[in-house]
Amino acid sequence: MSAPSHDPQPASPTVPSSVDVAVVGAGFSGMYLLHRLRELNLSAIVFEAGGDVGGTWYWNRYPGARVDVESLAYSYSFSEELEQEYEWQERYPTQPEILSYARHVADRFDLRRDIFFETRVTAASYDEQARTWLVRTGHGDEVTARFLVMATGCLSSSKLPEIPGLDRFEGPTYHTAHWPHEGVDFTGMRVGLIGTGSSGVQSIPVIAEQATALTVFQRTPAYSLPARNRTLRPDEIADMRANYRAFRQAQRESGFGVPTPIPEKSALEVSEEERDATFEQAWESGSLVNLLTAFHDLSIDQAANDTAKRFIHRKIHQIVRDPRTAADLCPEYPVGTKRPCLDTDYYETFNRPNVRLVNLRRTPLVEITDRGVRTSDDEYAFDAIVYATGFDAMTGALTNVDIRGRGGASLKEAWSAGPRTYLGIGSAGYPNLFMITGPGSPSVLSNMVVSIEQHVDWVIDAIEHLDRQGLRTIEPTEEAQDAWVDHVNLIAGATLYPKANSWYMGANVPGKPQVFMPYAGGVGEYRKTCDEVAAQGYKGFALST
Ligand SMILES: Cc1cc2nc3c(=O)[nH]c(=O)nc-3n(C[C@H](O)[C@H](O)[C@H](O)COP(=O)(O)OP(=O)(O)OC[C@H]3O[C@@H](n4cnc5c(N)ncnc54)[C@H](O)[C@@H]3O)c2cc1C
C-alpha cells in the first residue's frame, strides 16, 4: 500500500503532563471543540494522527472525492463572520475545496498551536481515585485530563477486503481513504478497483478517463443519483448570506440536517404519473434528500420503497447500454437503507469501451495475486489496484483505542455485542468520556456538520454545568443507557434500514455484531431530546462531586 505523504508541520511543542480536556481527532469535530473549550478558558489539547486538520478531507484525496451535501449547508454555523467571509466555489465542493475551508478555519481561529499532529492516541484509562483520564500516544507521550473527548470520526478507520494475498500484488495499491497527497496518474495503466460504495462511485468515472482499462469489482451495487454539480452563482451566495440564521435554524429542526419540506403523501396513494413526476423532479434536482423524502413512507413501507427502486432501475437501464451490465448495477435492497450516492457520470462510465464490471455475486473474489485479482472464474492482470472498500464505521476509531473505564473495563469488550451508549454521547462505566457523533446519535444519517456542532455545544454546556455546580464527573446510568439503546433499536425496527447488509449495520466487517448503529429518529427530534435531558439536570446521567 503506498504510504501517505505528510504536509510539513511546524515543530510541535512538548505535550503537557496535565490538561482539563484531551481531544482525539482534528476533523470538523475536534476543531470546533478546541475553539469552544478555549472560550471556557479550559486548557485543552488535541491529538491528531494526520499531518493537518480536516479529518475526512485530509485523508480521502481520491480522484472525484466530494461532499454530497451542498457546501452552503455543509459548513460551520458558529461564526457569522466566517459564514460571511468564506467564498464557496461549487455546489458540491471537491475534497481540496473542503480541506482548504478546514485550513482556513484553523488559521482564522489559531487552532493549530494546541494540536499535536502525526500523533495517534493508542490508549486511555480512567483513574477512579484521581478521577482523571490517562491518555497515551504512539510516541510514548502521556497526559492526564479531567475530560476525554473522542472526536475520532464515524468514517475514519479504513477497511481492506478480507481476502488472501493482499500483500502479494507486485504493483502499487491504493486505499481511497489513504490517497497519496501528490496524487496518482493512472495514464497508460490497467486498473482494478474493488468496491462500489460512495468512494468507488465518485472515483470510478475519473479513473476511467485516465486508465487504459478499468475493471470494477462489485459485490453490492449502490443507488446513485446524478449530482448536477455546478459553480455557485453570486446571487445564491448573496441570498444565503442574507438568510443564514433562518437557514441554520431550519437545518437544526430538520430530519437529515438539510431543510426539506415534510412530505405529506404516500407513494402508494398517488397515480403512477404523479409518482414518476415526483421522482423525476428529485432525480433532476441532484439532491439525495429530495429523493429520500419524496414521499413520507419510503423509509418505512416496503411497497412504497419498491416504487422508488423501480424508478431508479429504469433510469439505470436507460443510461447503461449493455443490458447485463445494467442489470448488475441495479440494487435489490430498499432505496436509502445503504448510504445512497451522488455521482457525476457514474452509470454513463459503464458505456465506455475501457470499463468493465465484474459482478462478485456471480463470481466471488478469491484472492489477490502477484499480477492482479482472482475471482472464482478468472484472473485479471493489473498495473495498479484501488481499494474503495470503506470503513469500520462508527465504532472502529473508538475501539481501535484501548479505552479502559471503571474497574479497567475495556470499551471494546463492553461493546462486543454492539455499541451501547446513552444519546451516542457517553457510555456507562466511562465517566467524563464524551463521543462526538457516537453510535446511537443521528451522525451518519445527517448532514454531519450540523450534528457535530450540536454534540460539541451539548458537551461544552455539560462541562460548564459541572463547573458551575462544583461537580466533578458525569456518566450515563446503566438504566438510561439500556432505555436509549432500546429506543434506538425500536426506531430502527420501524424502518426498512435493517433490511440491507450495510455499514450502518456493521455488515461490511466480518465478525462485527449486526445492529443498526445510528439513531434514525431525525436530527430535530434528537436535538429536542438532548436539550430536555440537559434542562432536567442531565437526566439519565449520574453527576458527582
Ligand atoms: C469520502 C467521504 C465522504 C463523506 N461525505 C459526507 C457528506 O457528503 N456529508 C456529510 O455530512 N458527511 C460526509 N462524510 C462524513 C464525514 O466524515 C463528516 O462529515 C465529517 O467530516 C466528520 O468530521 P469528524 O471530525 O467528526 O471526523 P473525521 O473527519 O473523520 O476526523 C476524525 C479525525 O480523528 C483522527 N483520529 C482517529 N482516531 C485517532 C487516534 N486514535 N489518535 C489520533 N487521531 C485519531 C483521524 O485521523 C481524523 O483526522 C463523508 C465521509 C467520507 C469518508
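Above this text sits the structure in question.
Residues numbered from 1 in each chain as written. Predicted model: local features only at pLDDT ≥ 70, side-chain atom pairs only at ≥ 80, totals over all residues. Heavy atoms only, no water.

**Q** Outline the sheet that holds strand E12 (residues 355-359), listing residues and values.
**A** A sheet is described by the order of its strands in space; here five strands give the open sequence E7-E16-E8-E9-E12, paired in parallel fashion. The strands lining the two open edges of the sheet, one partner per strand, are strand E7 (173-175) and E12. Within this sheet the neighbouring strands show an average axis-to-axis angle of 20 degrees, counted without direction. Judged from the five bridges that link them, strand E9 (residues 213-218) and E12 form a sheet pairing that is parallel. Paired with Phe217 across the strands is Val358, a residue of E12. (Pairing = 2+ DSSP bridges. Helix = DSSP H or I, 4+ residues; strand = E, 2+ residues; numbered from the N terminus. Axes fitted to C-alpha atoms, helices over the stretch in contact; angles between N-to-C directions.)

**Q** Describe the sheet that holds strand E13 (residues 365-368), naming the residues involved and giving the relevant values.
**A** Through backbone hydrogen bonds, the strands of a sheet pair up, either in parallel or in antiparallel fashion. Here we have three strands laid out as an open sheet, ordered E13-E14-E15, and antiparallel in their pairing. The open sheet has two free edges, formed respectively by E13 and strand E15 (379-381), since each of these has just one partner strand. Across the sheet, the mean angle from the axis of one strand to that of its neighbour is 20 degrees, orientation sign disregarded. Taken together, the three bridges between E13 and strand E14 (residues 372-375) define a ladder with antiparallel strand orientation. By the bridge assignment for E14, Ile368 is matched with Val373.

**Q** Describe the site of the ligand, and please don't skip the residues or the numbers.
**A** Every one of the 33 residues lining the ligand counts as a neighbour, but Ser29, Glu48, Thr56, Asp68 and Tyr74 are closest to it. Between the ligand and Thr56, the relevant distance is 2.7 Å, taken from an oxygen atom to a side-chain nitrogen or oxygen of the residue. Contact with the protein chains covers 96% of the free accessible surface of the ligand, which is 970 Å². Ranked by residues supplied to the shell around the ligand, first place goes to helix H2 (residues 56-59) with three residues. Per-class residue counts for the shell around the ligand are 17 nonpolar, 12 polar and four charged. (Near = heavy atom within 4 Å. Polar contact = N/O pair within 3.5 Å; in protein donor to acceptor, adjacent residues only side chain to side chain. Areas by Shrake-Rupley, 256 points an atom, 1.4 Å probe, with all protein chains shown as cover. Nonpolar A, V, L, I, M, F, W, Y, C, P; charged D, E, K, R; others polar.)

**Q** Residue-level account of the pairing of strand E1 (residues 18-24), with values.
**A** The buried fraction of E1 is high, at five of seven residues. Across six bridges, the pairing between E1 and strand E6 (residues 142-150) is parallel. Residue pairing for E6: Val24 is matched across the bridge by Met150. As paired strands, E1 and strand E2 (residues 44-47) are joined by four bridges and run parallel to one another. Bridge assignment links Val24 to a residue of E2, and that residue is Phe47. Considered for its hand, the β-α-β crossover made up of E1, helix H1 (residues 28-39) and E2 is right-handed. (Buried < 20%, exposed > 50% of the residue type's maximum accessible area, 1.4 Å probe, protein only. Right-handed = clockwise from strand over helix to strand, strands pointing away.)

**Q** Any chance you could break down the packing of aromatic side chains for me, citing the residues and the numbers?
**A** A full pass over the atoms with the stated rule returns 37 aromatic pairs. Arranged with centres 5.3 Å apart and planes meeting at 55 degrees, the rings of Phe78 and Phe109 form a pair that is tilted. With Phe78 in the loop between H2 and helix H3 (80-85) and Phe109 in the loop between helix H4 (95-108) and strand E3 (115-116), the pair connects residues that are 31 residues apart, well separated along the chain. Taking the relative accessible area as the measure of exposure, Phe78 reaches 22% and is therefore partly exposed. Ring centres 6.2 Å apart and planes at 55 degrees place the aromatic pair Trp484 and Tyr526 in the tilted group. Placement of the pair is Trp484 in helix H15 (residues 478-493) and Tyr526 in helix H16 (residues 523-535), with a sequence separation of 42 residues. Accessibility expressed as a relative area gives 6% for Trp484, which makes it buried. Aromatic ring contacts, followed pair by pair, group Phe28, Tyr32, Trp57, Tyr74, Tyr76, Phe78, Tyr86, Trp88, Tyr101 and Phe109 into a single cluster. (Phe/Tyr/Trp six-rings, centres within 6.5 Å; stacked < 30°, edge-to-face > 60°.)

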